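Commentary on secondary and tertiary structure
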2 protein chains.
Amino acid sequence: METVAKKGLVTTTLLEQFKGIVGEQYVFADEESLEHYGHDETERILFLPEVVLKPRTTQEISDIMRLCNEHLVPVTPRGAGTGLSGGAIPHLGGVLLSTERLNAIIDIDERNLQVTTEPGVITEVLQESVKAKGLFYPPDPSSRGSCFIGGNIAENSGGPKAVKYGVVKDYVLNLEVVLPTGEIIWTGANVLKNSTGYNLTQLMVGSEGTLGIVTKIVLKLIPFPKYDLLMLVPFKSLEKASEAVSAIFRAGFTPSALELIEIDALQITSRMLDSYAVPIPDDIAAHLIIEVDGNNMEVLMQEMEAISELLQQFEAEDVFFADDAQQKAELWKLRRRVAEAVKTVGYTIEEDAVVPRAELPKLIHGVKELGKQFDFHAVCYGHAGDGNLHIRIKKEGIPNSYKNAEMQNILRELFLLVKSMGGTISGEHGIGLIQKDFMDIVFNENNLALMRSIKRVFDPNNILNAGKIFDLN
Amino acid sequence: METVAKKGLVTTTLLEQFKGIVGEQYVFADEESLEHYGHDETERILFLPEVVLKPRTTQEISDIMRLCNEHLVPVTPRGAGTGLSGGAIPHLGGVLLSTERLNAIIDIDERNLQVTTEPGVITEVLQESVKAKGLFYPPDPSSRGSCFIGGNIAENSGGPKAVKYGVVKDYVLNLEVVLPTGEIIWTGANVLKNSTGYNLTQLMVGSEGTLGIVTKIVLKLIPFPKYDLLMLVPFKSLEKASEAVSAIFRAGFTPSALELIEIDALQITSRMLDSYAVPIPDDIAAHLIIEVDGNNMEVLMQEMEAISELLQQFEAEDVFFADDAQQKAELWKLRRRVAEAVKTVGYTIEEDAVVPRAELPKLIHGVKELGKQFDFHAVCYGHAGDGNLHIRIKKEGIPNSYKNAEMQNILRELFLLVKSMGGTISGEHGIGLIQKDFMDIVFNENNLALMRSIKRVFDPNNILNAGKIFDLN
């Protein structure tokens, strides 16, 4: 969208000092690097940093922060750059600090069911490493094949398993953090329960890289469930599909995934992937993807049958059961690649609203009504079991919500609706750059003042990912 | 232990203003009231407040806080006074603010599996109310029959179910809070996932009434599991019993409770309760209480059998299965009343250390060694599945750790040991008044400086539960 290169903050002297800290080969100022690190997966926004640094250690990051804090140089920390709210975009120029070289899994503690890792490990790599030891780290965003665990912590990511297993915050036990002023702390302890002082661990999780740079992470693990079953359930009515979601929980079931995909989104993705493994009939409005998991296959089969039966009350059509590992993988691939697919055909604006689960039908209805009123098209999909809906918006001539007055107006209406249902702006993508102007909808001024003051406590010179979540004023 | 009545902070004018806010009949300054509200269940410590206030509404609490903030009067908030770290003790005199009249369950939302409640509701009352609708709120401290849900939030309480279901922090979605300066905020939203701004909800949970007074609480609920099975497993060796704990999890089981009780503690409790329902053989060193729960009885029976079999490797003696609801209740009563029982026979000092689960044998061994070295007797019990051990200490002539140099020295040794294992000071009781001098063991000065600064952000005049967790300096 925009290319603003704020120059002159990183002086030649500073550049030399950076080289001294991380080594000359890990300081990048070439055009290609600057452009690569100037954007993430958010809409179509580009801001060039002045320099990209790739430190290897906590100490190097500490040294960089001290220097930048002293010279008031903005620093934008970055994981894999898969974020959807602009958290890793260096909109103030300055230093882009990539954590990609802090990529070691330090210790898988099988005695205590814990893993200690660096932030630059790809989420899927971490998952597979612990799975090899029979252990399970559930939270995985759709981008798990490329996103970093450090970024997941910054955004408090969720993913499809959150409905049964919780989100990132439920697995983080302890964090090593470099503060914006360069000091290093551990936030907690490697324990399952902790009532010792303020919960700085949870304050860091979801703080979008504005309070510190996470350099080591201790995560809780659980035993990997032995079996899972997966089905795709078509509905002719979008309302009925979304009503069915809360009925499943009210009946006492806790699926390990409960996703909703509107038909447009599924068809676009299916076409992009050239996938014929999953049948998509013509007259369908939406699908639910339902997974159950556990250690007893017979119990799971009973559960799936009972859920299928329950869904008949909501006019579900013929259920498609994924028969084997390949079909399951195919179905999950379809779900995971929806965001990417719909973006390619113009749905560039993504919202991440979350409401109490049973309000989902009302939210979807509201989105469609807003679409008519403001002349945009929206496809809905996402983590229905959590009440977390991804709303992808396509509006002729407006590919970005960022700084677009018309789109800002539309989104304000959307978030007012969400708030009226007890919901909030973001369930798992964060606020970052593109939603910060809506914080007043869900928090009063006293609350926002507390958040700003906390930011000042951690970052007195406002140099670390400044202007994300909110502006200081 | 001590009775210090700091007088003169609450002037006659202020007293009249308090009466104007809460009504004359809810302002108490008689000796009996002051003494009742001058202590909680911590050791043997008494500090009298000048006045006890019992407001009914958020607005009344806000008015009280504005007034106290203006006049720099210390305020100690209090739930049911069942705390074990002195969090509710008015050690600076001033105002004791009881939340006991904010005792309404506002709404049980069966559609969304949530409950909205005031803080003065007894935890067991809340549990039973939602259970009547088939719903489950798992965290319940041993004091669940008398403690308040607000106090549970202040301490981030756990209880026996935490091992499978998590602690209070895992159920709190949203809080209405009166800040020390009188402003009112909501911390979050009524949703299962939230990546919108800093997690002030989690910052409040476990902050021990130092950052604000919680006046409304939105909790997540889950479906109540249909069945549970309970067994008591004796061991001749305390080490073997504690080694068995982590083996159970490593084998892939997740019991809904896994408690350990040393034989002394069980015998003392059994005698106090005059209980013969549970057999306690002579030559036993410790017991594990193991519960599994779920929706399929057959699966549970298989699980229990498999666990029993596994325990044979750790030289478990004959397992006692609780046959019916009454036996289960009896066994849980034994466990829940241990703290009270051992206190009556001189074990007045209670520690709440928590370590990674597999380090439990090392911790217990360490405690016993310290006992020999420093000439004290300790009984251990608690939430072994979480690595959270309650250590009750009896030392001739020293009933309090508070301000006792000899005992402080002993506890410092204990917490250094705990820290060396990756553990921390408190798993569920909080730091309060009596453990604050040990915070430097588990947090570095940069971390403590952040916590103090956060306290200042919320409470610029340091009037709300000042001198708990840490002193400002």
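Residues numbered from 1 in each chain as written. Chains lettered and ligands numbered in written order. Predicted model: local features only at pLDDT ≥ 70, side-chain atom pairs only at ≥ 80, totals over all residues. Heavy atoms only, no water.

An unreviewed UniProt entry annotates chain A as FAD-linked oxidase C-terminal domain-containing protein of Danxiaibacter flavus. Annotation of chain A in UniProt includes, under Cofactor (unreviewed entry), the sentence "FAD". (UniProt positions renumbered as here; feature names shortened; annotations may be inferred.)

**What about the pairing of strand 17 (residues 377-383) of chain A?**
All names here are of chain A. Counting buried residues along strand 17, 6 of its 7 residues qualify, which places the element largely inside the surrounding structure. Here strand 13 (residues 257-262) pairs with strand 17 via 2 bridges, running antiparallel. Among the inter-strand pairings, I261 is bridged to a residue of strand 17, identified as Y381. (Buried < 20%, exposed > 50% of the residue type's maximum accessible area, 1.4 Å probe, protein only. Helix = DSSP H or I, 4+ residues; strand = E, 2+ residues; numbered from the N terminus. Pairing = 2+ DSSP bridges.)

**Describing the domain arrangement of chain A**
Here chain A is described as being made up of domain 1 (12-101), domain 2 (105-223), domain 3 (227-339) and domain 4 (346-429). The gap between the C-alpha centroids of domain 1 of chain A and domain 3 of chain A is 41 Å. (Domains from an automatic or database assignment.)

**Some details on the nonpolar core**
Grouped together as the largest cluster of nonpolar side chains are 190 residues, with contacts concentrated most on L311(A) and L311(B). Apart from residues no more than four positions distant in its own chain, L311(A) is found in contact with M231(A), V233(A), F235(A), A244(A), I248(A), I290(A) and A316(A). (Core = buried A, V, L, I, M, F, W, Y, C linked by side-chain atoms within 4.5 Å. Contact = heavy atoms within 4.5 Å.)

**Here's the deal with the interface of chain A and chain B**
Taken together, the 84 residues of chain A in the interface contact 84 residues of chain B. Between chain A and chain B lies a buried interface of about 6200 Å² when both sides are counted; carbon and sulfur atoms form 58% of it. It is K193(A), S195(A) and Y198(A) that lose the most area in chain A upon contact with chain B, and together they represent 16% of the buried surface on that side. Linking chain A with chain B are 6 salt bridges, by the criterion used here. The partner of R111(B) in a salt bridge is E359(A), with the nearest N and O atoms 3.0 Å apart. For the pair chain A and chain B, the number of links is 36 residue pairs in polar contact (both at pLDDT 80 or more). Of all the elements in the fold, those that place two or more residues in the side of chain A that touches chain B are strand 9 (184-186), helix 7 (200-204), helix 8 (238-250), helix 10 (297-312), helix 15 (439-442) and helix 16 (445-458) of chain A. Considering each element in turn, the side of chain A that touches chain B owes the most residues, 9 residues, to helix 16 of chain A. For the side of chain A that touches chain B, the residue count by class is 33 nonpolar, 37 polar and 14 charged. (Buried area = accessible area lost by both parts, 1.4 Å probe. Salt bridge = Lys/Arg side-chain N within 4 Å of Asp/Glu carboxyl O. Polar contact = N/O pair within 3.5 Å; in protein donor to acceptor, adjacent residues only side chain to side chain. Nonpolar A, V, L, I, M, F, W, Y, C, P; charged D, E, K, R; others polar.)

**Some thoughts on the packing of aromatic side chains**
Under the counting rule described, the total for this entry stands at 12 aromatic pairs over all chains. Relative to Y165(A), the ring of F136(A) has its centre 5.2 Å away and its plane inclined at 85 degrees; by these criteria the two rings are edge-to-face. With a gap of 29 residues between them, F136(A) in strand 7 (residues 135-136) and Y165(A) in helix 6 (residues 162-165) connect regions that are remote in the sequence. The buried category is assigned to Y165(A), whose relative accessible area is 15%. Relative to Y402(B), the ring of F47(B) has its centre 6.2 Å away and its plane inclined at 85 degrees; by these criteria the two rings are edge-to-face. Taken as a pair, F47(B) in the loop between helix 2 (31-36) and strand 2 (51-53) and Y402(B) in the loop between strand 18 (388-394) and helix 14 (405-420) lie far apart in primary sequence, 355 residues in all. As far as the burial class goes, F47(B) and Y402(B) line up, both buried. Members of the aromatic cluster, connected to one another through ring pairs, are F136(A), Y165(A) and F224(A). The ring centre of Y26(A) lies 3.3 Å from the NZ or CZ of R101(A), which sits over that ring. R357(B) extends its terminal NZ or CZ atom over the ring of F249(B), reaching a point 3.5 Å from the ring centre. (Phe/Tyr/Trp six-rings, centres within 6.5 Å; stacked < 30°, edge-to-face > 60°. Lys NZ or Arg CZ within 6 Å of the ring centre and 35° of its normal.)

**Some remarks on the pairing of strand 4 (residues 95-98) of chain A**
Residues and elements named next belong to chain A. Burial of strand 4 is two-sided: the residues V95 and L97 facing one way and the residues L96 and S98 facing the other way are all buried. In terms of strand pairing, strand 2 (residues 51-53) meets strand 4 through 3 bridges, oriented parallel. The residue of strand 4 that forms the bridge with L53 is L97. In this structure, strand 3 (residues 75-78) lies alongside strand 4, joined through 4 bridges in parallel fashion. The partner of V75 across the bridge, within strand 4, is V95.

**Some words on helix 13 (residues 360-374) of chain B**
Residues that lie three or four places apart on an α-helix share one face, since the helix turns once every 3.6 residues. Residues and elements named next belong to chain B. The terminal C-alpha atoms of helix 13, which comprises 15 residues, lie 21 Å apart, in line with the 21 Å expected from a rise of 1.5 Å per residue. Buried-residue contacts for helix 13 involve helix 8 (238-250), strand 13 (257-262), strand 17 (377-383), strand 18 and helix 14. Backbone geometry just after helix 13 places D375 at a positive phi near 60 degrees. (Expected span 1.5 Å × (residues − 1).)

**Structural notes on the relation of the copies chain A and chain B**
Rotating chain A by 180 degrees and moving it 0.0 Å along the rotation axis overlays it on chain B with an RMSD of 0.0 Å. Such values leave the two copies arranged in the relation of a two-fold axis. Comparing interface residues between copies, 100% of those in chain A also lie at the interface in chain B; the contact surface is shared. (Least-squares fit on C-alpha atoms with pLDDT ≥ 70 in both.)

**Overview of the sheet that holds strand 1 (residues 27-28) of chain A**
Residues and elements named next belong to chain A. If you trace the 4 strands from one edge of the open sheet to the other, you get 1-2-4-3, paired in mixed fashion. If you trace the sheet from one side to the other, it starts and ends with strand 1 and strand 3, each paired once. In the packing of helix 3 (residues 58-71) onto the sheet, contacts are made with strand 2, strand 3 and strand 4, and the angle to strand 4 comes to roughly 165 degrees. (Axes fitted to C-alpha atoms, helices over the stretch in contact; angles between N-to-C directions.)

**What about the UniProt feature "domain: FAD-binding PCMH-type" (unreviewed entry) in chain A?**
Here, the residues flagged by UniProt with the feature "domain: FAD-binding PCMH-type" (unreviewed entry) are residues 44-224 of chain A. Measuring from the first to the last C-alpha atom of residues 44-224 of chain A gives 38 Å, for a span that is 22% helix and 23% strand.

**Some points on the environment of E259(B)**
Residue and element names in this part refer to chain B. With respect to the element layout, E259 can be found in strand 13. Assessed through its relative accessible area of 1%, E259 is described here as buried. Taking the C-alpha atoms as reference points, E259 and L389, separated by 130 residues in sequence, lie 9.3 Å from one another. In this view, E259 contacts P160, H287, L288, I289, W332, R335, G382, H383 and A384; residues no more than four positions away in its chain are not counted.

**Topic: a negative patch on the surface**
All names here are of chain A. On the surface, a cluster of negative charge is made up of D30, E31, E32 and E35. Position of E32 relative to the elements: it lies in helix 2 (residues 31-36). Using a relative accessible area of 68% as the deciding quantity, one classes E32 as exposed. (Patch = residues over 30% accessible without salt bridge, like charges linked within 9 Å, V, L, I, M, F, W, Y side chains within 5 Å. Areas by Shrake-Rupley, 256 points an atom, 1.4 Å probe, with all protein chains shown as cover. Lys, Arg positive; Asp, Glu negative; His and termini not counted. Charge placed at Lys NZ, Arg CZ, Asp CG, Glu CD.)

**Some details on unusual backbone geometry**
All names here are of chain B. Unusually for a residue other than glycine, L113 sits at a positive phi of about 55 degrees. Structurally, L113 is set in the loop between strand 5 (105-109) and strand 6 (114-117). A positive phi angle, close to 60 degrees, is found at E315, a residue other than glycine. Counting through the fold element by element, E315 comes out in the loop between helix 10 (297-311) and strand 15 (320-321). You can call E315 partly exposed: its relative accessible area is 48%.

**Quick notes on the sheet that holds strand 8 (residues 172-178) of chain A**
Residues and elements named next belong to chain A. One open sheet holds the 5 strands; their spatial order is 5-6-10-8-9, and the pairing between them is antiparallel. Unpaired on one side and paired on the other, strand 5 (105-109) and strand 9 mark the two borders of the sheet. When the angles between neighbouring strand axes are averaged without regard to direction, this sheet yields 10 degrees. Sheet analysis places strand 6 (residues 114-117) next to strand 10 (residues 213-220), joined by 4 bridges and oriented antiparallel. Bridge assignment links V115 to a residue of strand 10, and that residue is L219.

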